[in-house]
Each structure stands twice: as C-alpha cells, then as structure tokens.
Amino acid sequence: MSKKLKIITYGCQMNVADSERMSARLQSIGYAPTDALDDADLILINTCSVRESAEEKILGKIGEIKRLKMQKPSLILGVTGCMAQKDGDQLIKRAPHIDFVLGTGRQSELLRIVRLLESFHRHIVVTDGVSDPIVEEIYTPRGAHSTFIPIMYGCNNFCTYCIVPHVRGRERSRQPEDIIREIQAAVDNGTVEVTLLGQNVNSYGKDHRRATFAQLLTMVGEIDGLKRIRFMTSHPKDLSDELIKAIADNEKICRHIHLPVQYGSDRLLQKMNRGYTVEQYRRLVEKLRAEVPSIALTTDLIVGFPSETDADFDETLKFVREMRFDAAFTFIYSRRSGTPAATFDDQIDDRIKHERLEKLMAVQNAISLEINERLKDQEFEVLVEGASKNDEKIFIGRTRTNKLVLFEHGDERAGDFIRVRITQPQTWLLRAERI
Ligand code: SAH
Ligand code: SF4
Ligand code: F3S
C-alpha cells in the first residue's frame with residue numbers, strides 16, 4: 001500500500017507552484033496525493049506570511065492537526081514556505097507536533113528530510129540558504145492544461161511594508177533554456193496555457209543578463225502548441241517599452257496585466273519605497289492602453305499604511321476612479337515585524353483601516369461592475385478550467401483578459417477552448433451561454 005500525501009497551500013501562486021513541485025518530488029519516492037487529511041501519512045503545510053491574518057489561519061490549521069498526530073503517531077507533519085523561513089524553530093517551540101520546518105531556500109532537501117523522518121522521528125529545522133543559487137530541477141507537470149512556471153525567485157525591492165524579500169531572499173532568475181525546456185515538457189503533456197511567475201517578472205534576467213523578460217516572452221511565444229501566455233507580477237518601475245511592445249506584438253500573450261499600484265498618493269508611495277510616482281504610473285497605463293487596446297488592468301491596493309491621512313486616502317479614491325481598473329485586490333496594511341514600516345510612527349487605528357477598506361471596495365466594485373456590464377452580449381473565447389466548486393453542472397473558464405466566466409456544462413472538458421456569449425455580467429464574474 002502506498003503512503004499518502006496531503007499538501008495544504010496558502011499564499012500566492014509561487015506557493016502553488018512550489019507545492020506542485022514538492023508533490024512531484026514526493027511522488028517519486030512513493031507518496032500518492034490524497035484529498036483526505038485523515039488518510040495522509042505525510043502532511044505539508046506550505047505557508048504564507050504576507051499578512052498577520054494569513055499566519056493566524058495557518059497556526060489554527062497546524063493546531064487542528066495535533067489531533068491527527070495523536071491518532072496516528074507515524075504521521076509526519078512538515079511546515080514549508082514563507083512562515084517556515086521566517087519563524088524556523090519558533091514554530092516547533094509553539095507546536096511540538098510539527099516534525100520538520102523547511103524554509104524557502106532549501107527545498108531541494110525535502111526528500112532527504114522526509115526519508116530521515118521515516119526512520120527517526122525527531123525535529124528537523126532547515127532555514128538557511130534563503131538567497132542561494134537556484135538548484136535547477138526540471139519539473140514535468142502531468143497533463144494539466146494550465147501550468148505555473150516560476151521564472152525567478154526572490155525580490156530585491158524591499159517595499160517598506162513587505163516581508164517577501166526577507167523570506168524569499170534576493171532575486172535569482174532561472175536560465176532561459178531551463179524555462180523553455182520545462183514549458184516544452186508541459187506542452188508535450190497537454191498544457192495549453194502557462195503563467196510565468198516571479199515577484200517582479202519585469203526584472204527577469206537582470207542578474208544573469210542572458211535574456212530580458214521581453215525576450216523571454218518572445219522565446220516562450222515560439223513554442224508550438226502553447227496557446228496562451230500569462231505572467232505575474234509586474235512592477236510598475238520596471239515595465240519597459242520593450243516589454244509593452246513584446247506584449248502588443250504577440251497574440252499568444254493574454255490581454256491582461258496585473259500591475260499593483262498599492263497607493264494613489266506620492267507621499268505614501270515614497271514611504272512605501274515603491275520607486276514610482278502617481279504620474280509615472282498614469283503614463284504607463286496610458287501607454288499600455290494605447291499599445292494594447294484590449295488589455296484588462298488589475299491592481300493591488302493597501303489601505304491603512306502608517307501616517308495615511310484622510311487627504312491621502314481621498315487622493316487614492318480619486319486615482320482609482322480615474323484608472324478604472326478591471327479589478328483590484330484590496331488589503332488592510334498588516335504590520336510585519338522586521339520590515340521598516342513596522343517601526344514607523346502613526347500606525348493607523350484598526351477601525352479607520354476597516355472603514356477605509358469598505359469605502360475603497362465600494363468604489364472599486366462599482367467600477368468593476370460597470371466595466372463588466374459593457375460586456376453583455378459580447379462573445380469571447382474561453383479556456384475551460386473545469387466544474388465550479390459549488391455546482392458540477394456549472395463550468396468555469398477564463399477569457400484572454402482573465403475574466404472568470406461561468407456557463408452551463410455541455411460536452412466540453414478542461415483544457416478546451418470554447419466560444420461563449422455574456423448573458424449576465426457581475427462584479428467578479430460573467431455568466432454566459434455557450435455558442
Ligand atoms: N510581488 C508582488 C506581490 C507581493 S504580495 C508585488 O510586488 O506586487 C501581494 C500583495 O500583498 C502586494 O501587492 C501588496 O498589495 C500586499 N501586501 C504585501 N505586504 C503587505 C502588508 N504588510 N500588509 C498588507 N498588504 C500587503
Ligand atoms: Fe513585496 Fe514589493 Fe517585492 Fe512585491 S515588489 S514582493 S510588494 S517587496
Ligand atoms: Fe505569501 Fe510568501 Fe507568496 S509571504 S504571498 S506565500 S511569497
């Protein structure tokens with residue numbers, strides 16, 4: 001009987017990609033994935049520390065697993081990812097039923113650690129090497145129609161609120177030929193869409209200088225059989241004209257860019273260390289929309305950053321109205337110890353943070369709905385992703401502009417391209433009928 005593996009993933013797509021890789025590695029030594037926690041012989045919790053709320057949820061989950069460990073003492077519980085990197089052995093002090101903690105820098109040691117624990121049950125903590133050179137290992141996804149491909153690791157930007165550079169280390173880009181080889185293998189296995197991942201993909205290749213991100217996109221575009229290319233995240237300060245041109249010139253590149261602005265006032269952008277002004281962001285968006293007219297634009301926004309005034313916040317609301325983002329992920333500023341902003345004076349009261357978030361969401365939701373309402377009766381090609389979570393008869397797909405489309409299932413399968421007509425646009429999704 002094979003051993004069973006369950007990975008619980010929190011956080012961003014980088015973590016999703018890491019979980020897929022860890023799963024592939026563990027399958028090679030006999031672990032079969034299971035959905036049922038109760039069944040598992042090995043549970044990995046792949047963690048995120050970007051906001052306090054994420055960490056609280058994860059600590060709760062780790063606590064829940066204690067019961068399972070008591071029922072099945074041979075169960076191995078590992079904590080990986082960003083919180084593992086950040087908190088290391090503190091996690092085991094807090095929850096001694098954790099068997100191992102593996103940071104982001106030494107994922108290549110996963111199998112060694114699991115094998116050790118299979119014979120000797122004792123605590124292992126590995127959190128060194130956060131900025132070490134990439135240990136290259138080409139991963140061959142099994143038949144997924146859409147695949148996440150990390151193209152670089154780490155971040156050099158040190159936005160003053162952000163923990164990511166501290167838990168993911170410095171920027172390191174993979175070699176272009178490794179990336180191409182991996183995508184080719186995925187396409188040979190049925191992938192039609194890839195999402196190229198990095199904390200700041202626009203600065204891809206600045207370390208090894210073998211290719212810029214624009215050049216990489218062009219190379220990926222030449223892979224036969226690959227139909228759609230997505231990427232995230234783009235940092236406004238590194239979005240070059242060369243890149244805008246590469247997007248415009250290549251039909252395989254989806255008409256969507258996620259371009260986090262974070263805030264709409266220069267004073268706060270500077271305190272956040274974002275490296276651009278409101279006016280520079282505005283110019284960039286004008287250029288993008290001129291060169292790639294159909295492009296959808298999404299963003300991230302943070303409210304309640306230290307010293308934020310009503311006037312700053314009003315500027316942001318005004319800017320959001322002006323930009324007309326298709327959608328925005330809005331966050332309440334979370335104080336992360338070890339980051340500069342955690343020590344800034346004038347931390348904002350929780351109540352005010354929540355009030356501002358509500359206001360911002362109301363403004364953005366109205367815009368998202370207005371934009372989507374204009375799509376009524378329009379036709380789109382969507383890539384089918386599969387059944388929706390709540391209703392097996394309703395299927396989900398995505399347009400090239402990354403809009404979520406729901407439609408009644410016929411005979412199509414995940415990975416198919418179909419045409420739909422929008423019947424009922426909503427704020428976060430579009431209801432449609434197949435044509
Ligand atoms: N590298 C990406 C994403 C980083 S994390 C980028 O630069 O855009 C995703 C989002 O979480 C960020 O864009 C930011 O809006 C938000 N975020 C990061 N740190 C945060 C914090 N301390 N509090 C609240 N939101 C935060
Ligand atoms: Fe965090 Fe800024 Fe890096 Fe994004 S660019 S990961 S927000 S430090
Ligand atoms: Fe979270 Fe780490 Fe991603 S902190 S957002 S999982 S890089």
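Conventions we followed
For every chain, the first residue of the written sequence is number 1, and numbering continues from 1 onward in sequence order. Ligands are numbered from 1 and chains lettered from A, in the order in which they are written. Owing to the predicted nature of the model, reporting of local features is limited to residues with pLDDT of at least 70; listing and counting of side-chain atom pairs is limited to 80 or more, with chain, interface and lining totals taken over all residues. Note: side-chain values were computed over all heavy atoms of the structure, leaving out hydrogens and water. To define a nonpolar core, start from buried Ala, Val, Leu, Ile, Met, Phe, Trp, Tyr and Cys residues and group those joined through side-chain atoms within 4.5 Å. Summary of the burial criterion: residues with accessible area below 20% of their type's maximum are buried, those above 50% are exposed, and those between are partly exposed, where the area comes from a 1.4 Å probe applied to protein chains only. Contacts were defined at the residue level, with two residues in contact if any of their heavy atoms lie within 4.5 Å. The helix and strand labels rest on DSSP assignments: H or I over at least four residues marks a helix, E over at least two residues marks a strand, and numbering proceeds from the N terminus. For the purposes of these results, a polar contact is taken to be a pair of N or O atoms within 3.5 Å, where, inside protein, one atom must be able to donate a hydrogen and its partner to accept one; residues adjacent in sequence count only when each atom of the pair is a side-chain atom. Between any two strands, at least two bridges found by DSSP are needed for them to pair. With the strands aimed away from the viewer, a crossover counts as right-handed if its path from the first strand over the helix to the second runs clockwise. The nearness test applies per residue and asks whether one of its heavy atoms lies within 4 Å of the molecule or strand. The residue classification treats Ala, Val, Leu, Ile, Met, Phe, Trp, Tyr, Cys and Pro as nonpolar and Asp, Glu, Lys and Arg as charged. All others, Gly included, are polar. What a helix is expected to span follows from its residue count: subtract one and scale by 1.5 Å. Accessible surface is estimated by sampling points in the Shrake-Rupley manner with a 1.4 Å probe; for residues, cover comes only from the protein chains shown. Geometry is summarised by axes, namely lines fitted to C-alpha atoms with helices restricted to the contacting stretch, and by angles between N-to-C directions that run from 0 to 180 degrees. Geometric relationships in this document are graded by angle, where less than 35 degrees denotes roughly parallel, more than 145 denotes roughly antiparallel, 65 to 115 denotes roughly perpendicular, and other angles denote oblique. For any pair of crossing helices, the crossing counts as left-handed if the nearer helix is rotated counterclockwise from the farther one by less than a right angle, and right-handed if it is rotated clockwise. We define a salt bridge as a contact between a side-chain nitrogen of Lys or Arg and a carboxyl oxygen of Asp or Glu at a distance within 4 Å.

In terms of nonpolar packing, the biggest core is built from 67 residues, with Ile151, Ile183, Leu196, Phe213, Val220, Phe231 and Tyr281 touching the most fellow members. When residues no more than four places from it in sequence are discounted, the contact partners of Ile151 are Ser173, Arg174, Ile179, Leu196, Leu197, Val201, Tyr204, Phe213 and Leu216. Ala40, Ala84, Ile92 and Ala95 belong to the second largest nonpolar core, which has 21 residues in total.

Assignment of secondary structure puts Thr160 in the loop between β8 (152-153) and α6 (164-168). Within the structure, Thr160 has its side chain in polar contact with the backbone oxygen of Lys271 (distance 2.7 Å). In contact with Thr160, other than residues within four places in its own chain, are Lys271, Met272, Asn273, Phe305, Thr339, Pro340, Ala341 and Phe344.

The sheet contact formed by strand β1 (residues 3-9) and strand β2 (residues 31-33) spans 3 bridges and is parallel. Its bridge partner being in β2, Lys4 is matched across the sheet by Ala32. In the classification by handedness, the crossover that spans β1, the intervening helix α1 (residues 13-27) and the parallel β2 is right-handed. Bridging between β1 and strand β3 (residues 42-47) involves 5 bridges; their strand directions are parallel. Residue pairing for β3: Lys6 is matched across the bridge by Ile43.

Neighbouring ligand 3 are Gly11, Cys12, Asn15, Thr47, Cys48, Ser49, Val50, Cys82, Arg168 and Gln199. The residue inventory of the shell around ligand 3, partitioned by class, reads 4 nonpolar, 5 polar and 1 charged.

Turning our attention to helix α2 (residues 52-71). With 20 residues, α2 should cover 28 Å at 1.5 Å per step; its first-to-last C-alpha distance of 30 Å lies within 8% of that length. Among the residues of α2, those classed as buried are Ala54, Glu55, Ile58, Ile62, Ile65, Leu68 and Lys69. In this structure, the buried side of α2 is in contact with β1, β3, β4 (76-81) and α3 (82-87).

What follows deals with the site of ligand 1. In the vicinity of ligand 1 lie 15 residues, with Tyr161, Gln199, Gln262, Asp300 and Ser334 positioned nearest. Gln262 places a polar side-chain atom, nitrogen or oxygen, 2.7 Å from an oxygen atom of ligand 1. Look at ligand 1: alone it shows 540 Å² of surface, and the protein chains cover 89% of it. Going through the elements one at a time, β13 (296-303) and β14 (327-332) are the ones with two or more residues in the shell around ligand 1. Of the residues assigned to the shell around ligand 1, the class counts are 7 nonpolar, 4 polar and 4 charged.

As a further point, take the environment of Glu279. Its place among the elements puts Glu279 in helix α11 (residues 278-291). A sequence separation of 14 residues divides Glu279 from Ser265, and the C-alpha atoms of the two residues are 9.6 Å apart. Side-chain polar atoms of Glu279 contact the side chain of Arg282, separated by 2.5 Å.

Moving on to the sheet that holds β14. Spatially, β12-β13-β14 is the arrangement adopted by the 3 strands of the open sheet, whose pairing is parallel. On the outer flanks of this sheet lie β12 (256-258) and β14, each paired with one strand and no other. Going from strand to strand, the sheet's axes swing by 15 degrees on average, the running direction of each strand aside. Looking at chain direction, β13 and β14 are connected through 6 bridges and run parallel. Residue pairing across strands places Thr298 opposite Ala327, the latter belonging to β14.

To continue, consider the sheet that holds β3. An order of β2-β1-β3-β4-β5-β6 is seen for the 6 strands of this open sheet, with the pairing classed as parallel. The open sheet is flanked by β2 and β6 (124-126), the only strands paired with a single partner. Recorded for the sheet is a direction-independent mean angle of 25 degrees between the axes of neighbouring strands.

Contact geometry of α1 with helix α5 (residues 110-119) gives a least axis separation of 10 Å together with a crossing angle of 50 degrees. Our classification of the angle between α1 and α5 gives oblique. Note on packing geometry: the crossing formed by α1 with α5 is right-handed. On α5, the residues touching Met22, Arg25 and Leu26 of α1 are Leu110, Leu111 and Val114.

Turning our eyes to something else, we now look at the pattern of salt bridges. Between side chains of opposite charge, pairing is possible as soon as their charged atoms come close. Under the criterion given, the structure shown has 39 salt bridges. A salt bridge links Lys86 to Glu55, with the nearest nitrogen and oxygen atoms 2.8 Å apart. A residue pair is termed long-range when its members are at least 10 positions apart, and Lys86 in helix α3 and Glu55 in helix α2 qualify at 31 residues. The partly exposed category is assigned to Lys86, whose relative accessible area is 28%. Close ionic contact of Glu193 with Arg228 constitutes a salt bridge, the shortest N to O distance being 3.9 Å. Taken together, the positions of Glu193 in strand β10 (residues 193-197) and Arg228 in strand β11 (residues 228-232) put the pair 35 residues apart, joining distant regions of the chain. Judged by its relative accessible area of 1%, Arg228 falls in the buried class. Bridged by salt links that share partners, the residues Arg106, Glu109, Arg112, Asp128 and Asp132 form one connected network.

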